[in-house]
Each structure stands twice: as structure tokens, then as C-alpha cells.
Amino acid sequence: MVGGVPAAASGVRLVCLDLDGTLCDGEKNVSSGNRAALARAREVGLAVAVASGRHPFNVCALMDDLGLSRTAVCLSGAYVMLDGREVFRHGISLECAERAIEVARRAGCYVSVSGTDFNLNSGSVTRAASEAAASSRYQGCGDYDVLLRAVRARGGELLKCALHADDDEGYRELRVLLAEALSGVTLARSDVRWMDVTDAGCSKAEGISALAAAMGLSLAEVAAVGDDENDVESMGVVGLGIAMGNAIGPVRSAAGMVVADNEHDGVAEAIDAILAAREGRTS
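Residues numbered from 1 in each chain as written. Predicted model: local features only at pLDDT ≥ 70, side-chain atom pairs only at ≥ 80, totals over all residues. Heavy atoms only, no water.

*Asks:* Go over empty space enclosed by the protein, please, and point to the residues and values.
*Replies:* Evaluation of the coordinates by the stated rule reveals 1 cavity of 30 Å³ or more. A volume near 30 Å³ is recorded for the largest cavity. As for the largest cavity, its lining consists of Cys16, Asp18, Ala51, Lys204, Ile208, Ala224, Val225, Asp231 and Ser234. The set of elements that each furnish at least two residues to the lining of the largest cavity consists of helix H7 (204-214) and strand E12 (222-226). (1 Å grid on protein atoms, 1.4 Å probe; cavity = no way out; pocket = protein on both sides within 12 Å on 5 of 7 lines; lining within 4 Å. Points joined across faces, edges and corners; volume = space filled by probe spheres on them. Helix = DSSP H or I, 4+ residues; strand = E, 2+ residues; numbered from the N terminus.)

In C-alpha cells, the structure reads:
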């Protein structure tokens, strides 16, 4: 851990955990150390939620595996559920989705358009074995024209677009194309070479705020743990922002404390520091 534990840790009642690059290691698995820390949190009544760019299909599958309630901020803040019940959503326009698909066509890359109960996509992407069951529920549409027709049929239900480049040069080009083609949106990296597109003002921070309100908590009672662009704003709105050791610079700068990286149980370190502070112990 870099530095000490902020005083705000003692008042934390809810911990919101990012998945990729945070709770999950590079192979998208949750370590035994992190699993044990989640169990310790449950034992003492510290609420744990997920705050991820992932689809509810993926989030629910992982939370079920971890023995956690289905309380989560999904799709980079566009959809929030409390014990499996929807409490908030922030959609995108059909025009936004159409433009994102056209950018994917120009870049020749993978693109998905998601709602609460669907993921429509075109292109190919390699997924970890741990994601196989959830991603099997995604609907591959073949070419981009087929995807456009499928998206138009779900026009009022759209929440997020996600695009993925195969290499760093392609990702840099993708970012430029999206910035040129889209306005009135939020663009943020959610994982390596993944770009999330949500409506303007939609973010994990907004989703966490909605979740806290639904739980009757103030943001001062919330901690958020993350590593990437879509976590930056969250660090500043919660009572305790915690950056992973592998986090990008802006996340580390905005956070109140920094823990080990996602290959060395940084989430377990964060949870144990909060538990110690709640009990008046020195971590």
C-alpha cells in the first residue's frame, strides 16, 4: 500500500469494485486471496457491489460465482441493479449507436451495442474462458449492415456501445475516429484496447451515485476501487477512492490511496484496510 489509510475508510459501508484490471487478474479470474477478502467483508456486513463496463450477463454470472448479491453498476454506469432489481438506467440514442457502428466499419473492428437483456455485435474478439458462459448469450450479427438492422429494431432500449481494436495502433486510430464522428457522448477506455461509448454525463460515477441513493447511503459512505479511464470520475465522488497499483496516472492522482496491482490481490488489500479502519485498528 502506498501511504496510509485515509480516515474516510472508517465510515465505508459499501465498496464498489471494478472487474477488469481490478478484481480480476490478467486472465479474467478472481484469485483465492480476493475471494477470501470478499468473504470477510460479507461476514461483517460490509456491502460489496461491482462497478464495471461489462454487460449484466457477465456481471451476474461472476457475482453468482462469488456468492455476492446482484448489486452492481454495469455497462460503465448505464445500468444499475440492487439485488437484481433495476434502480437506474441512462440510455444512448439510436443515432449514437448508428454512428459508432459506422466507425467500426471504417476501422474494421469489433463493435457491440447493448441493452439490459441483449448484446448485439459484429466482428470478432477473443474472450477469456471465464467469460464463455455469459458471452454465449450475445448475438453475433455477422456484417455491420445486419447489426444496424438489429440495433434499429431495439432503438429505445440501447444503453452502451463498445468497440475493440486488435492492436495499439488500431486503438489510437479508433479513438480519433470516434472523437471525430460522435458528439454528446462519453468516451472512456474500460480495458486494454476497449472503448466504451455512453451518453453524455453517463459514467460509473453517476451509476454509483444512483446505487448509493437506492441503498440509503451517502457517497461519503462509499469506496470505489478501479484502474482505468472509466474509473477516474468515481474516485472523486465517493468518500474513498482506491487506485490499483496498475492504475493509469489519472486514477492514481484522483484516488485517496493506492493498493497492490490486480496480479497481487490489491482488492483484498483494499477490503482489509477498510475492515481494519471500521474496527479502529491500524491496517
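*Asks:* How would you summarise the pattern of salt bridges if you had to cite specific residues and measurements?
*Replies:* The final tally for this structure, using the stated rule, is 20 salt bridges. The closest approach of N and O atoms between glutamate 157 and arginine 154, which form a salt bridge, is 3.1 Å. Here the salt bridges share partners, and the residues they tie into one network are Asp20, Lys28, Arg54 and Asp191. (Salt bridge = Lys/Arg side-chain N within 4 Å of Asp/Glu carboxyl O.)

*Asks:* Can you tell me about the state of the cysteines, naming the residues and giving the values?
*Replies:* Every disulfide links exactly two cysteines, by a covalent bond between their sulfur atoms. By the definition in use, this model includes 0 disulfides. Free of any disulfide, cysteine 60 has its nearest cysteine sulfur in cysteine 74, 6.3 Å distant. Classification of cysteine 60 as buried rests on a relative accessible area of 10%. Between cysteine 161, a cysteine without a disulfide, and cysteine 96, which holds the nearest cysteine sulfur, the sulfur-to-sulfur distance is 5.0 Å. (Disulfide = S-S within 2.5 Å. Buried < 20%, exposed > 50% of the residue type's maximum accessible area, 1.4 Å probe, protein only.)

*Asks:* Please give an account of the packing of helix H1 (residues 32-43) against helix H10 (residues 266-278) that cites residues and values.
*Replies:* Taken N-terminus to C-terminus, the directions of H1 and H10 make an angle of 25°; their axes are 8 Å apart at the nearest point. In terms of their interaxial angle, H1 and H10 are classed as roughly parallel. The element H1 and its partner H10 pack so that their crossing is left-handed. Across from Gly33, Asn34, Ala37, Leu38, Arg40 and Ala41 in H1, the residues of H10 making contact are Gly266, Val267, Ala268, Ile271, Asp272 and Leu275. Taken together, the residues of the contact of H1 with H10 sort by class into 7 nonpolar, 3 polar and 2 charged. (Axes fitted to C-alpha atoms, helices over the stretch in contact; angles between N-to-C directions. Parallel < 35°, antiparallel > 145°, perpendicular 65-115°, else oblique. Left-handed = near helix turned anticlockwise from the far one by under 90°. Contact = heavy atoms within 4.5 Å. Nonpolar A, V, L, I, M, F, W, Y, C, P; charged D, E, K, R; others polar.)

*Asks:* Residues and numbers for the pairing of strand E13 (residues 240-243), please.
*Replies:* Within a regular beta strand, the side chains point alternately toward one face of the sheet and then the other, so they alternate between its two faces. Across the two faces of E13 the burial is the same, with Leu240 and Ile242 and Gly241 and Ala243 all buried. Relative to E13, E12 runs parallel, the two being bridged by 4 bridges. By the bridge assignment, valine 225 is partnered in E13 with isoleucine 242. Direction of pairing for E13 relative to strand E14 (residues 257-258): parallel, over a ladder of 2 bridges. Bridged to alanine 243 within E14 is valine 258. Note on the crossover from E13 through helix H9 (residues 249-254) to E14: the handedness is right-handed. (Pairing = 2+ DSSP bridges. Right-handed = clockwise from strand over helix to strand, strands pointing away.)

*Asks:* For the layout of surface pockets, give the residues involved together with the corresponding values.
*Replies:* In this structure, the largest pocket spans a volume of roughly 740 Å³. Along the walls of the largest pocket sit 39 residues, with Asp20, Lys28, Asp191, Val192 and Trp194 positioned nearest its centre. If you list the elements that add at least two residues to the lining of the largest pocket, you get strand E6 (110-115), strand E9 (160-164), strand E10 (185-191) and strand E11 (194-199). Among the residues forming the lining of the largest pocket, the class breakdown is 8 nonpolar, 15 polar and 16 charged.

*Asks:* Describe the side chain of aspartate 191, and please don't skip the residues or the numbers.
*Replies:* Mapped onto the elements, aspartate 191 comes out in strand E10. Among the polar contacts made by the side chain of aspartate 191, one reaches the side chain of lysine 28 at a distance of 2.4 Å. Once residues within four sequence positions are removed from consideration, aspartate 191 is found in contact with Asp20, Lys28 and Asp228. (Polar contact = N/O pair within 3.5 Å; in protein donor to acceptor, adjacent residues only side chain to side chain.)

*Asks:* Can you explain a negative patch on the surface? Please cite residues and give values.
*Replies:* Together, Asp166, Asp167, Glu169 and Glu173 give the surface a local cluster of negative charge. Mapping aspartate 167 onto the fold places it in the loop between E9 and helix H6 (168-181). (Patch = residues over 30% accessible without salt bridge, like charges linked within 9 Å, V, L, I, M, F, W, Y side chains within 5 Å. Areas by Shrake-Rupley, 256 points an atom, 1.4 Å probe, with all protein chains shown as cover. Lys, Arg positive; Asp, Glu negative; His and termini not counted. Charge placed at Lys NZ, Arg CZ, Asp CG, Glu CD.)

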